[in-house]
Amino acid sequence: MKLRTLAISIAAVGTLGTAQAATEADLQNSFNPYKSGVPSVPGLQPGTVVNKSNVEQFKEALDPGMYMTVKNGWYDIRVGKTTSFDVDKFYVEASRKNMGKTKLGSKNGDLTGFAGGRPFLEEPDMKDPRAGEKLAWNYKYGINWGDGAAIYPFYWKFRNLQTGQLERTIKYNFHFLNFKHRVQHSPTPEVTPNPSDFFRAIYVKVLEPQDLKDTQLLIQRYDDDQKLDEANLYLGFQRRVRRLATGQTTDSFLGSDLMIEDFEGYNGRVSDMTWSYKGTKNILMPFYNHNEMKLTDEFKESDGFKFINFTGQGQCFPDITWQLRKVYVLEAKPVSPSHPIGKRVMHVDAQTFAVSRTLVYDRKNELWKSWTIGKSHPDFHHPINKGTGIAIDDSFSMVDVQSQHCTTGQFKGLVDPKLTPPEMMRVQFMRGGN
């Protein structure tokens, strides 16, 4: 009986975790992974260009998708200096204030005690069967765009990977708002009233071309992860709002290589996936200083802001520098057997918890899509972002390696809560024809 009781106790620890073990040292290590030095790979220095001729030498510094990309001769990676992307001090303080309060529930998607900041500060442990789930929660409640921000505007281009032929350009505005767990901008800690108990919402509006103009998307995510997201689409030519069925979030979004679930690296619930921590690596990640890149003059903004340029095979890859950074490799497998993908392998930046490199595999476990989200340091971007401590989504590349096609994104990201008022995140706002 004693042995059986001990086994149950061990199982309970493995299931629920020991969040109370987090310390100030854990917090410092979590938010300052480079305080004692930056990672290194022999021969890899700032200024190095990783290309087809030397890719084998630097294979350990690349995730499998980028290794394949460079080996194919599609893209050369220019290496920049590894720098600290210091996280918003208000978010760090919320993590300190709530340290040790958060615990996993008995099943995937359950969480108790969370009140703001980064839920789990301890370094993930391969011996912990739920380490992957903790990383997923850290991503869900990550800093992202902060309490409120917008991509204003946002250009998507559809291209043929082989020929580079530009098939379509869509101009959007994207808006992000945290209803709950706000750490800096009034109101804190939450927007009221919030009778549905939403955690976060994303509002999208198409500005161009004419055939898609005024198409709108609203995604409302509950704080309770067990509840399905509310997703509504407004089609301008129909002049009505329709609710999206759950499966439609994994369809091609407006003909692109992205599904709604791809937004921001992963735009789904924790409970939609089973999570596995696959280890920690030092690999090249698309982190850089926007103002130091070779920018394009293609688009004209009244404030003089210029966008990231694209290069490589089919002009499908951002013309940026990449940093060697500490990442957690996180595998996500869909719970639903009808889901179109087999798994996501997400490379999570250990400092910011941004998912900037993801490999999407099909149901046959073959690589389907290679997903890159470029991150700019906020102090080297638009003046409004300086000092925010929020790594700015600044470029993206979604390459469908099976169909030989890509969708690219060029952002003007602004951490400005005034651009995203709470009333924008209501279905009624879509119906108003705004």
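To be clear, the structure that these remarks concern was listed above.
The following paragraphs examine the structure supplied in this document. As the structure is a prediction and not an experimental result, all values here were calculated from the model.

## Description of the pattern of salt bridges
Piece 1. Applying the stated criterion across every chain, the model contains 30 salt bridges.
Piece 2. Notably, a salt bridge pairs K71 with E56, separated by 3.7 Å at the nearest N-O pair. Of this pair, K71 sits in helix 3 (residues 64–71) while E56 is found in the loop between strand 1 (49–50) and helix 3, placing the two residues 15 residues apart along the sequence.
Piece 3. Here K71 falls in the partly exposed class, since its relative accessible area comes to 40%.
Piece 4. Residue E56 is classed as partly exposed on the basis of its relative accessible area, which comes to 47%.
Piece 5. We note a salt bridge from K306 to D297, for which the minimum N-O separation is 2.8 Å.
Piece 6. You can call D297 partly exposed: its relative accessible area is 43%.
Piece 7. Look at the salt bridges and you will find they share partners, linking E261, D262, R344 and K369 into a network.

## Observations concerning the nonpolar core
Piece 1. F154, W156, Y172, F174, L217, F263 and F396 are the most contacted members of the largest nonpolar core, which totals 42 residues.
Piece 2. Each residue touching L217, except ones within four places of it in the same chain, is listed here: I202, Y203, V204, N232, L233, L244, F253, I260, F263 and M430.
Piece 3. Core analysis: the second largest hydrophobic core is formed by 33 residues, F58, M293, F317 and V399 among them.

## Focus on the side chain of D110
Piece 1. Along the chain, D110 falls in the loop between strand 3 (103–104) and strand 4 (111–112).
Piece 2. Within polar-contact distance, the side chain of D110 engages the side chain of Q226 at 2.9 Å.
Piece 3. Contacts of D110, omitting those with residues within four sequence positions, involve K103, L104, G105, E133, W137 and Q226.

## As for empty space enclosed by the protein
Piece 1. Enumeration over the complete set of coordinates arrives at 7 cavities of 30 Å³ or more.
Piece 2. Quantified by volume, the largest cavity comes out at close to 150 Å³.
Piece 3. Forming the boundary of the largest cavity are 14 residues, of which N144, A354, V355, K375 and D393 lie nearest the centre.
Piece 4. Residue assignment for the lining of the largest cavity shows that the elements contributing at least two residues are strand 19 (355–362) and strand 20 (367–376).
Piece 5. Looking at the lining of the largest cavity residue by residue, the class counts come to 7 nonpolar, 4 polar and 3 charged.
Piece 6. Of the pockets and cavities examined, the second largest cavity occupies roughly 110 Å³.

## Digging into the state of the cysteines
Defined simply, a disulfide is a covalent bond joining two cysteines at their sulfur atoms.
Piece 1. Under the defined criterion, the tally for this structure stands at 1 disulfide.
Piece 2. Two residues share a disulfide in this structure: C316 and C406, whose sulfurs sit 2.0 Å from each other. With the S-S bond torsion at -75°, the cross-link from C316 to C406 turns out left-handed. Taken together, the positions of C316 in the loop between strand 15 (310–311) and strand 16 (317–318) and C406 in strand 22 (residues 405–414) put the pair 90 residues apart, joining distant regions of the chain.
Piece 3. Judged by relative accessible area, which is 0%, C316 ranks as buried.
Piece 4. Looking at C406, the relative accessible area reads 0%, which means it is buried.

## Focus on unusual backbone geometry
Piece 1. Going from T188 to P189, the amide bond is cis rather than trans, its omega being 0°.
Piece 2. Following the sequence through the fold, P189 ends up in the loop between strand 6 (166–178) and strand 7 (198–208).
Piece 3. A cis geometry characterises the amide bond from T192 onward to P193, with omega recorded as 0°.
Piece 4. As for its position among the elements, P193 is in the loop between strand 6 and strand 7.
Piece 5. In the Ramachandran plot, N365 falls in the positive-phi region, its phi being about 65° despite a non-glycine side chain.

## Here's the deal with helix 4 (residues 89–97)
Piece 1. Residues Y91, V92, A94 and S95 constitute the buried set of helix 4. Across the axial projection of helix 4, the buried residues extend over an arc of 160°, all falling on one side. Every exposed residue of helix 4 that faces more than 90 degrees away from the buried side is listed here: K89 and K97.
Piece 2. Lining the buried residues of helix 4 we find helix 2 (24–31) and helix 5 (131–140).

## Regarding the side chain of K326
Piece 1. If you trace the backbone, K326 turns up in strand 17 (residues 321–334).
Piece 2. Exposure remark for K326: the relative accessible area of 17% places this residue in the buried category.
Piece 3. Those residues in contact with K326 that sit more than four places away from it in its chain are P33, Y34, E123, T280, K281, N282, V348, D349 and A350.

## What about the packing of aromatic side chains?
Piece 1. Under the defined criterion, the tally for this structure stands at 35 aromatic pairs.
Piece 2. Consider the rings of W156 and F253, whose centres lie 6.1 Å apart with planes at 70°: the pair is edge-to-face. In this pair, W156 sits in strand 5 (residues 148–160) while F253 sits in the loop between strand 10 (240–243) and strand 11 (273–285), placing the two residues 97 residues apart along the sequence. Grouping residues by exposure puts W156 and F253 together as buried.
Piece 3. By way of ring pairs, the aromatic residues W145, F154, W156, Y172, F174, F176, F253, F263, W371, F396 and F411 are connected into one cluster.

## Description of the environment of V92
Piece 1. Residue position: V92 is located in helix 4.
Piece 2. Sequence spacing of V92 and N32 is 60 residues, and the spatial spacing of their C-alpha atoms is 11 Å.
Piece 3. Beyond its immediate chain neighbours, meaning those up to four positions away, V92 contacts L27, F31 and V87.

Thresholds, definitions, all that
- Residues numbered from 1 in each chain as written.
- Predicted model: local features only at pLDDT ≥ 70, side-chain atom pairs only at ≥ 80, totals over all residues.
- Heavy atoms only, no water.
- Salt bridge = Lys/Arg side-chain N within 4 Å of Asp/Glu carboxyl O.
- Helix = DSSP H or I, 4+ residues; strand = E, 2+ residues; numbered from the N terminus.
- Buried < 20%, exposed > 50% of the residue type's maximum accessible area, 1.4 Å probe, protein only.
- Core = buried A, V, L, I, M, F, W, Y, C linked by side-chain atoms within 4.5 Å.
- Contact = heavy atoms within 4.5 Å.
- Polar contact = N/O pair within 3.5 Å; in protein donor to acceptor, adjacent residues only side chain to side chain.
- 1 Å grid on protein atoms, 1.4 Å probe; cavity = no way out; pocket = protein on both sides within 12 Å on 5 of 7 lines; lining within 4 Å.
- Points joined across faces, edges and corners; volume = space filled by probe spheres on them.
- Nonpolar A, V, L, I, M, F, W, Y, C, P; charged D, E, K, R; others polar.
- Disulfide = S-S within 2.5 Å.
- Arc of directions from axis to C-beta.
- Phe/Tyr/Trp six-rings, centres within 6.5 Å; stacked < 30°, edge-to-face > 60°.

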